[in-house]
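# A structural walkthrough
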Amino acid sequence: MHPRLRLLAALALAGWLVLPFLPLAVWSVAHGWRFPDLWPRALSGKAWGYALSDTAGVLDSFALTVFIALSTTVLAALVGIPAGRALGLYRFRGKGLVTALLLAPAILPGLAIVFGLHGIFLRLGLVGTTGGVILAHLIPVLPYMTLVMAAVFSAFDTGYEDQARSLGASPAQVFRHVTLPAILPGLLAGALFAFLISWSQYLLTLAIGGGRVQTLPLVLYSFAASGRNDITGAIALLYILPGLLILVVTSRWITGRSAAVVGTLRP
Amino acid sequence: MTTLTLQALEMSYPGTGVAAVKGLDLVVESGTLTALLGPSGSGKTTTMKLIAGLLRADRGDIRLGERSIRDLPPERRGVAMVFQSPLLFPHLTVAGNIGFGLRMRGLAPDDIAHRVQSMLSRVRLDGFGPRRPAALSGGQQQRAALARALILAPDLLLLDEPLSGLDPSLRDEMRGLIRELQRETGITTLVVTHDQAEAVTLSDRIALLLDGRLAQHGPPEDFYRRPASGTVARFFGGVNFLSGQVRAGVFHGPIGPLQLSEHVPDGDGTLTIRPEALRLGPGPNAHMAKVAGLTFLGTQTRVDLLIAGTALQMLAAPDQVAGLRAGAEILVSLPPDALWLLPRPPA
Amino acid sequence: MTDRHRILLLLAPALVILGGLFITGLGLTLLRSLRYFPGLGLTDPDLSAYRAILTSPGFLKSLGLSLWIASASTLIAAGLALAAALLLRQTFPGRAVISFLVQLNLTIPHIVGAIGILYLFSQSGSFARLAHAAGLIAAPGDFPALTQDPYAIGIILLYVWKELPFITLILLANLQSISADHESVARSLGATRWQAFRHVLLPMLMPGLAAASALVFAFAFGAYEVPLILGASAPKALPVLAWQSYTDTDLSTRPEAMAMAVLIALFGLLLLFLYMRILRSGGRDAP
């Protein structure tokens, strides 16, 4: 491709990727920005001040969303590591079926199961509880975590574990000192994206939270629906902050092959 | 120092129905360096894993000294194993790897560091402690893996094909190191290998495993001079077999009478002689032979002979047979002390 | 412990959670869609809910709209992603910045992107203001309806924005494992650049592209919050219609909501089946 044409294409791509953030950022500091003004009458920190105030509840919501995403991630890791080990290391009858069962919740739209789930959780008294929301988030998160761990384990040589046992390590010591360090990079990459999947859930939280579990996307939507564009802009930027931080910290890992693992399930 | 005893050991892999180890009896004397030799599929790897505790025996017993270790988990057996590939933990330094087992036992860090230092110099890796395993050459990695097991002063050391992953030039060095350290420490050591040359050059004694059973156990010379069966003889390069009858200390076979050096009871039998034991020229048991072919092998020359229509092979120094041509008639002798009558299978 | 027992033990927690929640959730949805609901006195399963939605013009329009959204979004995003991946495969100044933006996009929740698109393309949004400044329009109503519009242009724009980087990343990962030598060999055998791409590189990228497209299609077909923000009030995208029927105060529409969920699930299962087929037949380079 001609270098100038290539540069043009690159600029167009970069511009398109950045574009939707621009009005959000400007709105978050806008004071009076009516049609057809190209730029706000004045800039102000009022929207940010409100979003970050104790009374607005946005920060509480932020903390709650972090708590839910962290809990979901930890649970998914606890369950996903052994399951990933089974899928990554062994061949067995019914493996295709198990893989399909693991893929299905990740590929099927949340709407396909959310009504049935709502019915079950109603009966279990989990609707409207944070625990219920965490459990519901496991449905899209766990498959993802399991498949990432399966990929990690399929590249792991269990000879290291045998070697450690023969050097006097107990099974718990083997996991702590040999297996865990070996799978840690994959586990962290899986955990970060498990966090982000839970972090961006909308429908499952709405249905299972029953309006009582107000995570950040729900708060964001209610401000957007009420037409408070300035506060919406501030919350939206607040909402994408953890993802941005994670990316900056880990950008070296999320290149190449791991991006494929990471991107396999969630568009 | 500890004797390893395998008693009627049996194990088959689930779903195969075929036993990989079939009633194996073996006593590895305390302080020896013994090779567990066998072709692939002979059950030697299974035996090793049974001893290390990575597999469970169906029947039989495994004892170290007086202690049965059959049902102990791997870490409580006092058996340290060095795998074929070095398997150094990539997230630890070389020193961290060598001190791993001591750390698992909960020794003080100072103590561990001290012992690791002295171990590093014993395997000639001084100064390599702080490095990552990936920065080591293949030979250095293998030495670090050996050090990692030896530092635990195990009752039994298992080495799985310790030389096979190394370049030929490094093998002698590693072989020397294993012999030297084993003598110094006196740790009972079992080397698992499929390479008979490796077994012969490395070990004090060889236990040959064929088809899940012990075929012969003894010093390396025995496998050449006194093989327990035709199969054992062939495994060690035996090619000359003559069937006939023993009458009054003389073997009567296809090439004529052969005087035996030991007394053997009368009866049918199979006689074997190493190709390198045949001599050119006159001597006891001399026969005329026709040269059927010559093959230069480098350090030796193989001479294919026909004696009274029976094919025999001789290995000789190349300059010794330099003048020979195919078709020549020569005198060849079969020294009585090199003749070995294979034990007759029990009737 | 035999391998079989070990495998079962390792898989058990995951199977219990996913089987318990997912299968039961799906099963309950199916039963309710057949109007089996003993709590409400409905004990004779029948297909009337399906009959009702399949003869309702509103449902059929929503179904058509969702299929249109998913197809258009997937095709456009996949085509652009292929171009973007080929672009990012080359070295040029500023490539690192674009790679970062592509990855950043992966971490952005859909709802944030949807609001951003709304503020850009709505009739009082940034582009409408630019059009006004350029003297093209006099009032917001003069600007073409690009969001909350009957053709779902805003929704498709959002999916193109969000899924283009997703497919690009998968293609880039595949490209890493495809040696450039294949193209060189093709060129040395007389293929032009275009022929080398068309007959060598593209077929090798196809499994990854198809698998990623199946995922994007499934998501665009069944996502709720995007059409909630960017969709028109009529016709509604299928997920929005289903949720509305479910939360309707008139409980009698619930079986219809369940039937819609079952149809969405069937579409999802079909795509899952295709996805697994692609992965199995696509060989090593599929994600």
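Our structure's up above, just so we're on the same page.
Remember, it's a predicted structure, so these values are computed and weren't measured experimentally. (Residues numbered from 1 in each chain as written. Chains lettered and ligands numbered in written order. Predicted model: local features only at pLDDT ≥ 70, side-chain atom pairs only at ≥ 80, totals over all residues. Heavy atoms only, no water.)

## Regarding the overall build of chain C
Heads up, the condition is: Counting from the N terminus, the helices are DSSP H or I runs at least four residues long and the strands are E runs at least two residues long. We call a residue buried when its accessible area falls under 20% of the maximum for its residue type, exposed when it is over 50%, and partly exposed in between, using a 1.4 Å probe and counting protein chains only.
Secondary structure assignment for chain C yields twelve helices and zero strands. Element order for chain C, N to C, with α for helix and β for strand: α-α-α-α-α-α-α-α-α-α-α-α. Summarising its shape, the C-alpha atoms of chain C cover approximately 75 × 75 × 30 Å along the three principal directions. Per-residue burial for chain C yields a buried fraction of 53% across its 287 residues.

## Some details on empty space enclosed by the protein
Residues and elements named next belong to chain B. Stated formally: The pocket and cavity definitions rest on a 1 Å grid over protein atoms only: a 1.4 Å probe that fits but cannot leave marks a cavity, an open set with protein on both sides within 12 Å along at least five of seven lines marks a pocket, and residues lining either have an atom within 4 Å of a point. Grid points are joined across faces, edges and corners, and a volume is the space filled by probe spheres set on the points. Following the grouping adopted for this structure description, the nonpolar residues are Ala, Val, Leu, Ile, Met, Phe, Trp, Tyr, Cys and Pro, the charged ones are Asp, Glu, Lys and Arg, and the polar ones are all others, Gly among them.
In total, this model carries three cavities of 30 Å³ or more according to the counting rule given. Here the second largest cavity defines a volume of roughly 50 Å³. Residue lining of the second largest cavity: L146, L150, L157, I178, L181, Q182, T185, I187 and T189, and that is the complete set. Class assignment for the residues of the lining of the second largest cavity results in six nonpolar, three polar and no charged.

## Examining the side chain of T215(A)
All names here are of chain A. Filter applied, for reference: Contact between two residues is taken to exist if any of their heavy atoms lie within 4.5 Å; hydrogens are not considered.
Its location among the elements puts T215 in the loop between helix 10 (203–209) and helix 11 (216–225). Relative accessible area serves as the criterion here: at 2%, T215 is assigned to the buried category. Here T215 is in contact with S61, L64, T65, I68 and T205, once residues within four sequence places are set aside.

## Here we look at the interface of chain C and chain A
Heads up, the rule is: Here the buried area means the combined drop in accessible surface, using a 1.4 Å probe, for two parts upon being joined, counting both sides. Take a side-chain nitrogen of Lys or Arg and a carboxyl oxygen of Asp or Glu: if they are within 4 Å of each other, that pair is a salt bridge.
Listed as interface residues are 98 residues of chain C and, on the opposing side, 93 residues of chain A. Here chain C and chain A share an interface that buries about 8400 Å² over both sides, 81% of which is from carbon and sulfur atoms. Linking chain C to chain A there are zero salt bridges. Among the elements that line the side of chain C that touches chain A, the one with the most residues is helix 1 (residues 3–33) of chain C, at 20 residues. Broken down by class, the residue content of the side of chain C that touches chain A amounts to 69 nonpolar, 20 polar and nine charged.

## What to know about the sheet that holds strand 11 (residues 240–247) of chain B
All names here are of chain B. Formally: Criterion used throughout: strands pair if DSSP finds at least two bridges between them.
Judged by pairing direction, the sheet is antiparallel, and its five strands sit side by side in the order 13-12-11-14-20 without closing on themselves. The open sheet has two free edges, formed respectively by strand 13 (256–259) and strand 20 (340–341), since each of these has just one partner strand. Where strand 14 (residues 267–273) and strand 20 come together, two bridges link them in antiparallel fashion. Among the inter-strand pairings, T272 is bridged to a residue of strand 20, identified as W340.

## Details of the nonpolar core
This is how the line gets drawn: Throughout this description, the term nonpolar core refers to a set of buried Ala, Val, Leu, Ile, Met, Phe, Trp, Tyr and Cys residues connected via side-chain atoms within 4.5 Å.
Of all hydrophobic cores here, the largest spans 193 residues; its most connected members are F115(A), L117(A), I235(A), V112(C), Y159(C), I167(C) and L230(C). It is helix 9 (residues 193–222) of chain C that provides the largest number of residues to this core, a total of 16 residues. Not counting the four nearest positions on each side in its chain, L117(A) is found in contact with A136(A), I139(A), L204(A), I208(A), L21(C) and G25(C).

## Quick look at the sheet that holds strand 9 (residues 205–210) of chain B
Residue and element names in this part refer to chain B. The condition that has to hold: An axis is simply a line fitted to the C-alpha atoms; with a helix, the fit covers only the stretch in contact. Between two such axes, the angle follows the N-to-C directions and lies from 0 to 180 degrees.
Strand order across the open sheet formed by six strands is 6-7-8-3-9-10, with mixed pairing between neighbours. The sheet is open, and its two edges are formed by strand 6 (79–82) and strand 10 (213–218), each paired on a single side. Shown here is a sheet whose adjacent strand axes are inclined to one another by a mean of 20 degrees, direction ignored. Two elements, strand 9 and strand 10, share five bridges in a ladder whose sense is antiparallel. Across the sheet, A207 pairs through a bridge with H217, a residue of strand 10. Along the sheet face, helix 5 (residues 138–150) touches strand 6 and strand 7 (156–160) and points at about 175 degrees away from the line of strand 6.

## Notes on the environment of L60(C)
Residue and element names in this part refer to chain C. In this structure, L60 sits in helix 3 (residues 57–89). Residue classification places L60 among the partly exposed residues on the basis of a relative accessible area of 40%. Each C-alpha atom, one on L60 and one on P255, is 17 Å from the other, the two residues being 195 residues apart in sequence.

## Quick look at the pattern of salt bridges
All names here are of chain B. One pass over the full model with this rule turns up 20 salt bridges over all chains. For R67, the salt bridge goes to D155, with nearest N and O atoms at 3.2 Å. Placement of R67 in strand 5 (residues 67–68) and of D155 in the loop between helix 5 and strand 7 is noted, with a sequence separation of 88 residues between them. Classification of R67 as partly exposed rests on a relative accessible area of 33%. In this structure, a network of salt bridges that share partners links the residues R56, R70 and D71.

## Structural notes on the interface of chain B and chain A
Let me state the cut-off plainly: Polar contacts here mean pairs of N or O atoms no more than 3.5 Å apart (in protein, one a potential hydrogen donor and the other a potential acceptor; neighbouring residues in sequence count only if both atoms are side-chain atoms).
Listed by partner, the interface residues are 22 residues for chain B and 17 residues for chain A. Three residues, E75(B), L87(B) and M104(B), lead the burial of chain B against chain A; their summed loss comes to 33% of the area buried on that side. Applying the counting criterion to the chain B and chain A interface returns one salt bridge. For R165(A), the salt bridge identified is with E75(B), shortest N-O distance 2.5 Å. Scanning the region where chain B abuts chain A turns up seven residue pairs in polar contact (both at pLDDT 80 or more). Elements with a minimum of two residues in the side of chain B that touches chain A: strand 6, helix 3 (100–104) and helix 5 of chain B. For the side of chain B that touches chain A, the per-class residue count stands at 17 nonpolar, two polar and three charged.

## Notes on the arrangement of the chains
Looking at the two pairs of chains with contacts, the pair that accumulates the most is chains A and C. A gap remains between chain B and chain C, with no contact made and the closest C-alpha atoms lying 8 Å from each other.

## Focus on helix 9 of chain C
Condition: Note that the bend at a residue is defined as the angle between axes fitted to the seven residues ending at it and the seven residues starting at it.
Of all the bends found along helix 9 of chain C, the most pronounced is centred on L202(C) and spans about 45 degrees, while P203(C), a proline, follows it within four residues. In terms of burial, helix 9 of chain C is largely enclosed, as 21 of its 30 residues are buried.

## Remarks on the environment of A100(A)
Structurally, A100(A) is set in helix 5 (residues 95–107). On a C-alpha basis, the gap between A100(A) and P143(A) in space is 9.9 Å, while along the polypeptide they are 43 residues apart. Here A100(A) is in contact with L272(C) and M276(C), once residues within four sequence places are set aside.

## Some points on the packing of helix 5 of chain A against helix 7 (residues 130–154) of chain A
The description of two packed helices rests on the angle between their axes and on the distance between the axes. All names here are of chain A. In plain terms, the rule: Between 65 and 115 degrees an angle is taken as roughly perpendicular, under 35 as roughly parallel, over 145 as roughly antiparallel, and anywhere else as oblique. A clockwise turn of the near helix away from the far one marks a right-handed crossing, whereas an anticlockwise turn of less than a right angle marks a left-handed crossing.
Here helix 5 crosses helix 7 at 130 degrees, and the two axes come no closer than 8 Å. Relative to helix 7, the element helix 5 is oriented oblique. Helix 7 is crossed by helix 5, and the crossing has left-handed handedness. Where helix 5 approaches helix 7, its residues L102, L103, P105 and A106 are matched on the opposing element by I139, P140, P143, T146 and L147.

## Looking at the pairing of strand 6 of chain B
Residue and element names in this part refer to chain B. Residues V79 and M81 point to one face of strand 6 and A80 and V82 to the other, with burial holding for every one of them. When strand 6 meets strand 7, the two strands line up parallel, connected through four bridges. Among the inter-strand pairings, A80 is bridged to a residue of strand 7, identified as L157.

## Regarding the packing of aromatic side chains
Two aromatic rings are characterised by how far apart their centres lie and by the angle between their planes. Using the following cut-off: Working definition: rings of Phe, Tyr and Trp (its six-membered ring) pair if their centres are within 6.5 Å, and the pair is stacked with planes under 30 degrees apart, edge-to-face with planes over 60 apart, and tilted otherwise. Here, over-ring charges are defined by two tests on the NZ atom of lysine or the CZ atom of arginine: distance to the ring centre within 6 Å, and angle to the ring normal within 35 degrees.
This structure, assessed with the given rule, holds 24 aromatic pairs over all chains. Considering the side-chain rings of Y202(A) and Y221(A), the 6.0 Å spacing of their centres and the 75 degrees angle between planes classify their relative orientation as edge-to-face. Here Y202(A), found in the loop between helix 9 (171–199) and helix 10, pairs with Y221(A), found in helix 11; they are 19 residues apart in sequence, far enough to count as distant. By relative accessible area, Y202(A) is classed as buried at 3%. The rings of F115(A), Y202(A), Y221(A), Y224(C), W243(C) and Y246(C) are connected pair by pair, giving a single aromatic cluster. When the ring centre of F89(B) is taken as reference, the NZ or CZ atom of R148(B) above it lies at 4.8 Å.

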